[in-house]
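Examining the three-dimensional arrangement
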Amino acid sequence: MTDPIVMTPVAHVVGGRIEPTDDYWGGTRSIIRIDPDAYTEESVAGLDEFSHLEIAFFFHLTDQSDLHPGARRPRNNPDWPEVGIFGHRNMRRQNWLGVSRCRLLSIDGLDLHVEDLDAVDGTPVLDIKPWFAEMGPRGETRQPPWVSEMLGDYFAPAMKEQPQP
């Protein structure tokens, strides 16, 4: 339809999770390390006034041959309806883009310390935006019941490993 779009990461995720999982992202702390060759500390001026960030990133660990543009059941759960690629937020998308909202904890130079970012160590960050409440949904929102059921543990605290006897 159009010419390809080339993007260059502005940052990378450092620390936090090393593998993507479906749930238990709550409390996950990581750093968004902004590229010091492209940006100075002036690029984050005023960002410390915000509690949350909106992060656009590239799903770099996803098998790009695993694209399902048609309808499928979320998490392959037979109890949930088949929905199309645009009726779901999973990583199997044409451009492998993810969007996450996370809490900004602190800024150290070009390192943004964040919590609840559902991207793993090494993830290329394509854009960083402060969260403006006025840019959130206006009016009443709605979603099907399966979404709340599926995401009930998404931001629950990470499960701790059980001690071995």
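Let me sum up the structure you'll find in this document. As the structure is a computational prediction, the values presented were derived from the model and not from experiment. Residue indices follow the written sequence of each chain, beginning from 1 at its first position. Owing to the predicted nature of the model, reporting of local features is limited to residues with pLDDT of at least 70; listing and counting of side-chain atom pairs is limited to 80 or more, with chain, interface and lining totals taken over all residues. To obtain the side-chain values, all non-hydrogen atoms of the structure were used and water was disregarded.

1. Some points on the nonpolar core
So the rule is basically this: By convention a nonpolar core is built from buried Ala, Val, Leu, Ile, Met, Phe, Trp, Tyr and Cys residues, the set being connected through side-chain atoms within 4.5 Å. Any residue under 20% of the maximum accessible area for its type is buried, any over 50% is exposed, and the rest in between are partly exposed; the area is computed with a 1.4 Å probe on protein chains only. Contact criterion: two residues are considered in contact whenever any of their non-hydrogen atoms come within 4.5 Å of each other.
Grouped together as the largest cluster of nonpolar side chains are 21 residues, with contacts concentrated most on I32, L53, I55, L112 and I128. Setting aside anything within four residues of it in sequence, one finds L112 in contact with S30, I31, I32, I34, V44, L47, L53, L104, S106, I107 and I128. Within the second largest apolar cluster, 5 residues are counted, among which are W80, V83, V147 and M150.

2. Here we look at the packing of aromatic side chains
Counted only if it meets this: Pairs were defined over the aromatic rings of Phe, Tyr and Trp, the Trp ring being its six-membered one, requiring ring centres within 6.5 Å. Orientation was assigned from the angle between planes: stacked under 30 degrees, edge-to-face over 60, tilted for the rest. By the criteria applied, helices consist of DSSP H or I runs no shorter than four residues and strands consist of E runs no shorter than two, each listed in order from the N terminus.
Following the criterion strictly, the structure yields 3 aromatic pairs and no others. Look at F50 and F132: their rings are 5.7 Å apart centre to centre, the planes differ by 20°, and that puts the pair in the stacked class. Of this pair, F50 sits in the loop between β2 (29–34) and β3 (52–58) while F132 sits in the loop between β6 (124–130) and α1 (145–150), placing them 82 residues apart in sequence. Assessed through its relative accessible area of 27%, F50 is described here as partly exposed. Judged by relative accessible area, which is 39%, F132 ranks as partly exposed. Taken together, a centroid distance of 5.1 Å and an interplanar angle of 75° make the contact between F57 and F59 edge-to-face.

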